[in-house]
Structure formats: C-alpha cells, structure tokens
Amino acid sequence: MPIAVARSLLPPHTLIGMTCNTREHVVQAVKDGADYVGIGPVWATQTKKVLNPVVGVRGLGELLEPLDGTDVKAVAIAGIKSTNALQCLHGAISTTGHRLDGLAVVSDIVASTEPYAAAKRLSTIIHAFKSNKIHTFSGAAGPYNQEYIKDRVGRLLSTIRKHGPLVQQITNNVVTTQSANATLALGASPIMANAPEEMADLGKAIGGLLINFGTIQSLDGMLIAGHNANINRKPVVFDPVGVGASTFRRTSANTLLNTWQATVIKGNAGELAALANSAEVQARGVDSVGKGFSDPAAFVRNLARKERCIVVLTGVVDWVSDGTTVVRLANGHPMLGDITGSGCMAGSSIAIFCAAESTDTANRRAPDAAEDGMLVRGDMLIATVGGILAVTLASEYAAGRADVKGPGTFLPALIDELGRLTAEKIMQAKVEVL
Ligand SMILES: Nc1ncnc2c1ncn2[C@@H]1O[C@H](COP(=O)(O)OP(=O)(O)O)[C@@H](O)[C@H]1O
Ligand SMILES: Cc1ncsc1CCOP(=O)(O)O
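Small disclaimer: the values here were computed from a predicted structure and weren't measured.

1. Details of the layout of surface pockets
Any empty space left between the atoms is revealed when a probe the size of a water molecule rolls over them.
Inference 1: In this structure, the largest pocket occupies an estimated 1200 Å³ of space.
Inference 2: Taken together, 43 residues form the lining of the largest pocket, with Asn268, Thr314, Gly315, Ser342 and Gly343 sitting closest to its centre.
Inference 3: Per-element tally for the lining of the largest pocket: the top contributor is helix α14 (residues 342-364), with 4 residues.
Inference 4: Residue composition of the lining of the largest pocket, grouped by class: 19 nonpolar, 18 polar and 6 charged.

2. Notes on the packing of helix α8 (residues 176-186) against α14
Packed helix pairs are characterised by how far apart their axes lie and by the angle those axes make with each other.
Inference 1: It is the contact of α8 with α14, at a shortest axis distance of 9 Å, that shows an interaxial angle of 40 degrees. The angle between the axes of α8 and α14 places the two elements in the oblique class. Two packed elements cross with a definite hand, and for α8 against α14 that hand is right-handed. On the side of α8, the interface is formed by Gln178, Ser179, Ala182, Thr183 and Leu186, while α14 contributes Cys344, Met345, Ser348, Ser349, Ile352 and Phe353.

3. Some remarks on the site of ligand 2
Inference 1: Neighbouring residues of ligand 2: Asn172, Val174, Gly214, Val286, Thr340, Gly341, Ser342, Gly343 and Cys344.
Inference 2: One of the backbone nitrogen or oxygen atoms of glycine 343 is found 3.0 Å away from an oxygen atom of ligand 2.
Inference 3: At a separation of 2.7 Å, an oxygen atom of ligand 2 approaches a polar backbone atom of cysteine 344.
Inference 4: Coverage of ligand 2 by the protein chains reaches 78% of its 370 Å² of free accessible surface.
Inference 5: Under a 2 Å grid-point criterion requiring more than half of the atoms, the pocket assigned to ligand 2 is the largest pocket.
Inference 6: Taken together, the residues that form the shell around ligand 2 break down as 3 nonpolar, 6 polar and no charged.

4. Comments concerning the pattern of salt bridges
Inference 1: Counted according to the given criterion, the structure contains 18 salt bridges.
Inference 2: Here aspartate 35 makes a salt bridge to arginine 7, at a shortest N to O gap of 2.9 Å. Of this pair, aspartate 35 sits in the loop between α2 (23-32) and β2 (36-39) while arginine 7 sits in helix α1 (residues 3-9), placing them 28 residues apart in sequence.
Inference 3: Residue classification places aspartate 35 among the partly exposed positions, given a relative accessible area of 25%.
Inference 4: Connected through salt bridges with shared partners, the residues Arg401, Asp403, Asp416, Glu417, Arg420 and Lys425 form a single ionic network.

5. A word on the state of the cysteines
Inference 1: Using the criterion set out here, one finds 0 disulfides in the structure.
Inference 2: Considering cysteine sulfurs only, cysteine 88 is the nearest to cysteine 20, which forms no disulfide, with 15 Å between them.
Inference 3: When its relative accessible area of 0% is taken as the criterion, cysteine 20 is described as buried.

6. As for the domain arrangement of the chain
Inference 1: When cut into domains, the chain gives domain 1 (3-131) and domain 2 (146-433).
Inference 2: The centre of domain 1, based on its C-alpha atoms, is set 33 Å off from the matching centre of domain 2.
Inference 3: Around 1500 Å² of area is buried between domain 1 and domain 2 when both sides are counted, 53% of it from carbon and sulfur atoms.
Inference 4: With a closest N to O distance of 2.9 Å, glutamate 307 and arginine 58 form a salt bridge.
Inference 5: Linking domain 1 to domain 2 there are 6 residue pairs in polar contact (both at pLDDT 80 or more).
Inference 6: Those elements that provide at least two residues to the side of domain 1 that touches domain 2 are α4 (85-91) and α6 (115-131).

7. Thoughts on the pairing of strand β14 (residues 326-329)
Inference 1: Here strand β13 (residues 318-321) pairs with β14 via 4 bridges, running antiparallel. Bridging across to β14, tryptophan 319 finds its partner in arginine 328.
Inference 2: Note that β14 and strand β15 (residues 431-433) share 3 bridges and pair antiparallel. In the sheet register, leucine 329 faces β15, and the bridge partner there is valine 431.

8. What to know about helix α10 (residues 219-231)
Spacing of three or four residues puts side chains on the same side of an α-helix, whose turn is 3.6 residues.
Inference 1: For α10, which comprises 13 residues, the first-to-last C-alpha distance of 19 Å matches the rise-based estimate of 18 Å (1.5 Å per residue) to within 8%.
Inference 2: Of all the residues in α10, the buried ones are Gly221, Met222, Leu223, Ala225, Gly226, Asn228, Ala229 and Asn230.
Inference 3: Those residues of α10 that are buried are in contact with α4, β5 (166-170), α9 (199-205), β7 (208-212), β8 (236-239) and α11 (247-259).
Inference 4: With its phi angle positive at about 60 degrees, arginine 233 sits one or two positions after the end of α10.

9. A few points about the sheet that holds β5
Inference 1: Read across the open sheet, the 9 strands follow the order β6-β5-β7-β8-β9-β12-β13-β14-β15; overall the sheet is mixed. Of all the strands in the sheet, the pair left with one neighbour each is β6 (189-191) and β15. Looking at each pair of strands side by side, their axes are set apart by 20 degrees on average, direction ignored.
Inference 2: Examined bridge by bridge, strand β9 (residues 264-268) and strand β12 (residues 310-314) share 5 bridges and lie parallel to one another. Counterpart to asparagine 268 in the pairing with β12 is threonine 314.
Inference 3: Of the strands in this sheet, β9, β12, β13 and β14 are in contact with helix α13 (residues 296-307), which crosses β13 at around 35 degrees.

10. Quick notes on the site of ligand 1
Inference 1: Contacts to ligand 1 come from 13 residues, most closely from Asn268, Thr314, Gly315, Asp318 and Gly343.
Inference 2: In the environment of ligand 1, an oxygen atom lies 2.9 Å from a nitrogen or oxygen atom belonging to the backbone of glycine 315.
Inference 3: Between ligand 1 and glycine 343 there is a distance of 3.2 Å, counted from an oxygen atom to a backbone nitrogen or oxygen.
Inference 4: When the free accessible area of ligand 1 is taken as 550 Å², the share hidden by the protein chains comes to 83%.
Inference 5: One can see that ligand 1 is located within the largest pocket.

The rules behind these values
- The numbers attached to residues start from 1 for each chain and follow its sequence in the written order.
- Whichever chain is written first becomes A and whichever ligand is written first becomes 1, with later ones labelled in order.
- Reporting of local features is limited, given that this is a predicted model, to residues whose pLDDT is at least 70; pairs of side-chain atoms are given and counted only at 80 or more, and all residues count toward the totals for whole chains, interfaces and linings.
- The side-chain values count all of the structure's non-hydrogen atoms but skip hydrogen atoms and water molecules.
- Here a cavity denotes a set of grid points, spaced 1 Å apart and computed over the protein atoms alone, in which a 1.4 Å probe fits but from which it cannot get out, and a pocket denotes an open set meeting protein on both sides within 12 Å along at least five of seven lines; residues with an atom within 4 Å of a point are reported as lining.
- Grid points are joined across faces, edges and corners, and a volume is the space filled by probe spheres set on the points.
- Counting from the N terminus, the helices are the DSSP runs of H or I reaching at least four residues and the strands are the DSSP runs of E reaching at least two.
- Each residue is assigned to one of three groups, with Ala, Val, Leu, Ile, Met, Phe, Trp, Tyr, Cys and Pro labelled nonpolar, Asp, Glu, Lys and Arg labelled charged, and all others, Gly among them, labelled polar.
- Axes here refer to lines fitted to C-alpha atoms; in helices the fit is confined to the stretch in contact. Angles between the N-to-C directions go from 0 to 180 degrees.
- Here is the rule for angles: anything less than 35 degrees is roughly parallel, anything more than 145 is roughly antiparallel, 65 through 115 is roughly perpendicular, and the remaining ranges are oblique.
- Here a crossing is taken to be left-handed if its near helix is turned anticlockwise relative to the far helix by less than a right angle, and right-handed if that turn runs clockwise.
- In what follows, residue pairs with any heavy atoms lying within 4.5 Å of each other are defined as contacts.
- If a single non-hydrogen atom of a residue is within 4 Å of a molecule or strand, that residue counts as near it.
- Within 3.5 Å is the distance limit for a polar contact, defined as a pair of N or O atoms, with the added protein rule that one can donate a hydrogen and the other accept it, and that residues adjacent in sequence qualify only through two side-chain atoms.
- All accessibility values rest on the Shrake-Rupley procedure with a 1.4 Å probe; residue burial counts only the protein chains present in the view.
- Those molecules having more than half of their atoms within 2 Å of a cavity or pocket grid point set are described as sitting in that cavity or pocket.
- One side-chain nitrogen of Lys or Arg within 4 Å of one carboxyl oxygen of Asp or Glu is enough to make a salt bridge.
- The classification of residues rests on relative accessible area computed with a 1.4 Å probe and restricted to protein chains. Under 20% of the type maximum is buried, over 50% is exposed, and intermediate values are partly exposed.
- By convention in this document, the label disulfide applies to cysteine sulfur atom pairs within 2.5 Å.
- The source of the domain bounds is an automatic or database domain assignment.
- As used here, buried area is the combined drop in accessible area, with a 1.4 Å probe, of two parts when they are placed together.
- Two strands pair if DSSP finds at least two bridges between them.
- A helix is expected to span 1.5 Å for every residue after the first.

Okay, structure coming up:
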C-alpha cells in the first residue's frame, strides 16, 4: 500500500515505516514521506519466508546513504540476535558515516523463554553502540603522530612477551610451520586449528584469530571461526591470499566477509584490487604484478571505509588505514620478496599484536563495567602497524647478518630477529602519518 494511502486511513501522527530491499526503495520511501525504513533482509530467517534477496550486513551501508540529510530513521531487519547485533550495527555504517537507528527483531525475543531479558540484552547493546562515538577499530587517541604510534607499538611488544596471547591461525599449508615458529619467536602462542567442530571452544579461549585462505581446506571452519570471534569480541585478521586467482577464491572471500566482520584485511596490491573490484592492479597467482595503485593512500582509506575495518596494503611500502588516518610504513628488506610466506608472516604478526592489544584493553575493564558497544576493544590501527613493523624491522636486521647468504639462511635469521626485536629498534622505524 502506498504511504499516502496509509496516512489517509490512519490516525494523525501515526509512525509509518516502509520495508526496503534496494537503494531505489529507500529513495522512494524518503520521497513518499516515510517516518522510518526497515532495511534487509540482513540474514535469512525462519520467521518469514523471505521473498527479497538477502542484503547482508555489507549491503546495509549503501542503503543508508540516501537517508543522509533527512530525518527518516532506519532499522535493520531479519536474522538479528543479541549475538550478531553488534556486528550488524558496526558493519552497517555507510561510507558517509550514516548508521542504523535500531534493529527490528522477532524470534530472538518471542522464541526466548525469557523475552524480557532477551529484549533488554538487545536494547542495552543498541543504546551502548549509539552512545559510543568511536565506530572504527582505531582508538580515541587520534590525531595520531609517529612518536605516539611507535611508543605504543613498543609497549605492545612488551605485552606480547609478558602475556603470550593465544592466537588461532587458520592458514595455508605452505606456511603453517613457518608462521607458528614466527609466532613463538615474537612471544605469542600459536594454535593452528581448522576443524569447524572446535571453533566454539576456541572462540572463547583465544586472544585473536587469523584467517588466511592461501589453500582453502575448510571454508566452514573459516566461517564458524570468524563468527565465534565476533561473538566473543576477538579481533579477526583476514588475509585473502591470491583472491583474484580463481572464481572460488573470489566467492569464498565474499561469503566470509558477509558472514563475519573482519577487524583487519591485509593483502598485496593484486589481492586488494581483486577484493575491491578494481582493475588498476593485476595479480598472478598469489603475487601482485606491476607498479601498484596510483594513489595507495586513497585506496586504503576508501576500502577501510567500505569494509568497516583496518586495511593494510603491503609492498615495498606498506599502507595502513582505519578509513580516516593513513599510516605509511617504509621499512623492510627486498629479501622478504625472495621467500614464500612473508606476507603470511606479516598477517600472523598483525593477529598477534591485535590479540595482545584487545586482551590488554579488555583486562583493564572492570568486571562489572557497563556495555560499551565495541565489537573489538583496543586500538587496532596501532596493533596493525605493530604487526607490520615487527616483520619488516626484523627483516632488515636479518638481511644485515654475516651468516645470511641467501633466502635459505634469511628465513631462520628472520625468525631469530623477530625474537630479538626491542622497543628501541621500533623507535628507529620509518612511520609517517598522513
Ligand atoms: N622490496 C621490499 N622492500 C621492503 N619490504 C618489502 C619488500 N617486499 C616485501 N616487503 C615487505 O614484506 C611484507 C610482505 O609484503 P608482500 O611481499 O607485499 O606480501 P605477499 O607476500 O603477500 O605478496 C610486507 O611487510 C612488505 O613491507
Ligand atoms: C605460494 C602459495 N600458494 C598458496 S598460499 C602460498 C603462500 C603465499 O605466501 P605470501 O603471500 O605470504 O608470500
């Protein structure tokens, strides 16, 4: 029924909402004078036979954009529960910064044996999210400067060595041992686990999760692991190795990113171009080909806004962004390009720093602290920079050693130098805040 007809039949001041599945629907709803829009379906649900295609959390932001500058409210609908509400609220923010006003929920409340408690849980999350000003994975400390970043990274290194965070890594069978050894060298504990059956237990125990799909052995394991990490507010680092190489990899990346919210996405230029559907950079298998992006800073900033996470573009120079700040890192040695798995090692290192930062921040909270609406706690921009600095600085020290004669001796030296990294060495890094 058109909104004008509904208004003519209903008492004055009745709030009228319109269900919207496309951007065009939202534009029409604004034009027709709707008070609010219900956008979705976010996920498939048993409550109603869904007729419209699933929008997904990643599709919500685009539907919110036509509401910019209007006072039309928006709620997301379908498949939303207290366990995925925060993921939905976080992931739905548009590139223009427009966020949801609320969530429409049926089964999580009416099918609950304690509907009051179920509704209360949801409203607490929504109110906390809306009253929190930070909706990125970076901290409140900005604007950043290089001294602050390096100092924080040095402290994080001590935290890793002191607490040895447990970091789950679903990674490829080319680098599994190498990445586990790099993790130990940095002072953290690796658990390389793929089986879907164990993800619920691990999601509670770990400090952070790496999902590297260099050789996809269990897509289900990756889907369930990321979902459990989101539920338990643990950081998820996604390394879409060779994502442009096959249709299977492209669709798998989409399925994963539509199922859970990544905290960090890391890739070389070819991988991130494929992920962003950009033809600017080509890839060959797992490697990037050519000169890279003409404006890497703008590229990472835009992708971070779109994917609602920290984005890292690796290469001779590394670029990190949370969607606002861009950090340029010019460290590392060309020998990193002569061994396989240096990018994978950087992904593991980022997951370690993220795990340490989020665990440390969570541990500082009082046990009875109020809900804060944060999907991951701590400054993941700093942690991501830390992960990259560890590998690149260690590579410089390793390459300079007299016992390193080529890639075969470089790899063990690199692992040794990860173990010998200090806060003083980090202070020498080339870090530029744009
Ligand atoms: N020529 C180089 N000079 C300095 N650092 C490099 C060079 N090549 C790669 N690196 C570093 O190695 C790490 C892995 O990057 P990259 O080679 O782009 O990943 P991948 O192995 O996934 O292609 C990054 O931290 C990057 O800074
Ligand atoms: C060669 C190869 N094939 C599948 S995963 C992998 C390792 C990729 O390593 P990296 O991207 O870190 O260089």
